[in-house]
Amino acid sequence: MSDMNSSLDLAKSDLAACICKAGDANSMPTSEAESNFPLLTEEVVVLRKSNAEAQEWISNAVTYHENLNGQIEMLNAQVSSLEQEILELNSEKENATNDLQRKLDLATGDLAALNEKLYNAISSSNTNASPLIQETVLTLQKSYEEAQEWMSNALSHHEFFNIEIQNLSSTRLGRKK
């Protein structure tokens, strides 16, 4: 850059000298002016070439900057989309957890009612208690199995949502780096 500035300064001073001397026809011989003309012409060509290269570099820098801005906008849109997915998964997780908790509460209530029936049947010395006890035991077993299945489903849903949230979070963090 300093070479270009010094060349430009030299060309300016030579041109100024030529202009000043051109006003006085006797001050510079024609042959000396003619000998400086190719040097000045060469200097102008070099300066024009340097200017064209600088203009091309600036154009490339602007294009690169615009491309980077486009990529940033695209990545920001992806981040927003991933954040929305995380919110939706969290909502689904909460709904599934609440639904399973409600089912578990119902099953627990059913078990408590059946337990009370069983206790009442055993405490009465009624001869009809035996079929009622068998029915109650079968119902309790069925309710217990359903409660175990609900808990298993709840745990697998919970684990699935946690994995999905971790995947989305790591994807999001990976893109922000």
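Check the entry above for the structure.
Just so we're clear, the structure is a prediction, and the values are computed from it rather than from any experiment.

Peer 1: Tell me what's going on with the environment of Ala112, and back it up with residues and numbers.
Peer 2: In this structure, Ala112 sits in helix α2 (residues 30-123). Given a relative accessible area of 46%, Ala112 falls into the partly exposed group.

Peer 1: Got a sec to walk through the nonpolar core? Specific residues and values, please.
Peer 2: Counting residues in hydrophobic clusters, the biggest one holds 7 residues: Leu82, Ile86, Leu89, Ala96, Phe161, Ile165 and Leu168. For this core, the secondary structure elements donating two or more residues are α2 and α3 (129-176). If we ignore the near neighbours within four places in the chain, the residues touching Phe161 are Leu89, Glu92, Lys93 and Ala96.

Peer 1: Explain the side chain of Lys93 to me, using residue names and the numbers behind them.
Peer 2: If you trace the backbone, Lys93 turns up in helix α2. Here Lys93 sits buried without a salt bridge, and the closest side chain of opposite charge, Glu94, lies 9.1 Å off (N-O distance). Ignoring sequence-local partners within four residues, the contact set of Lys93 consists of His158, Phe161, Asn162 and Ile165.

Peer 1: An account of a nonpolar patch on the surface is needed here, citing residue identities and associated values.
Peer 2: Together, Trp57, Ile58 and Val62 give the surface a local cluster of nonpolar side chains, amounting to about 330 Å² of exposed area. Along the chain, Val62 falls in helix α2. Residue Val62 is classed as partly exposed on the basis of its relative accessible area of 41%.

Peer 1: Go over the environment of Lys117, please, and point to the residues and values.
Peer 2: Note on placement: Lys117 falls in helix α2. Take Lys117: its relative accessible area is 45%, and that puts it in the partly exposed class. When the C-alpha atoms of Lys117 and Thr136 are compared, they prove to be 7.4 Å apart, with 19 residues separating the residues in sequence.

About the criteria used
Residues numbered from 1 in each chain as written. Predicted model: local features only at pLDDT ≥ 70, side-chain atom pairs only at ≥ 80, totals over all residues. Heavy atoms only, no water. Helix = DSSP H or I, 4+ residues; strand = E, 2+ residues; numbered from the N terminus. Buried < 20%, exposed > 50% of the residue type's maximum accessible area, 1.4 Å probe, protein only. Core = buried A, V, L, I, M, F, W, Y, C linked by side-chain atoms within 4.5 Å. Contact = heavy atoms within 4.5 Å. Lys, Arg positive; Asp, Glu negative; His and termini not counted. Salt bridge = Lys/Arg side-chain N within 4 Å of Asp/Glu carboxyl O. Patch = residues over 30% accessible without salt bridge, like charges linked within 9 Å, V, L, I, M, F, W, Y side chains within 5 Å. Areas by Shrake-Rupley, 256 points an atom, 1.4 Å probe, with all protein chains shown as cover.

These values are about where atoms sit, not about what they do.
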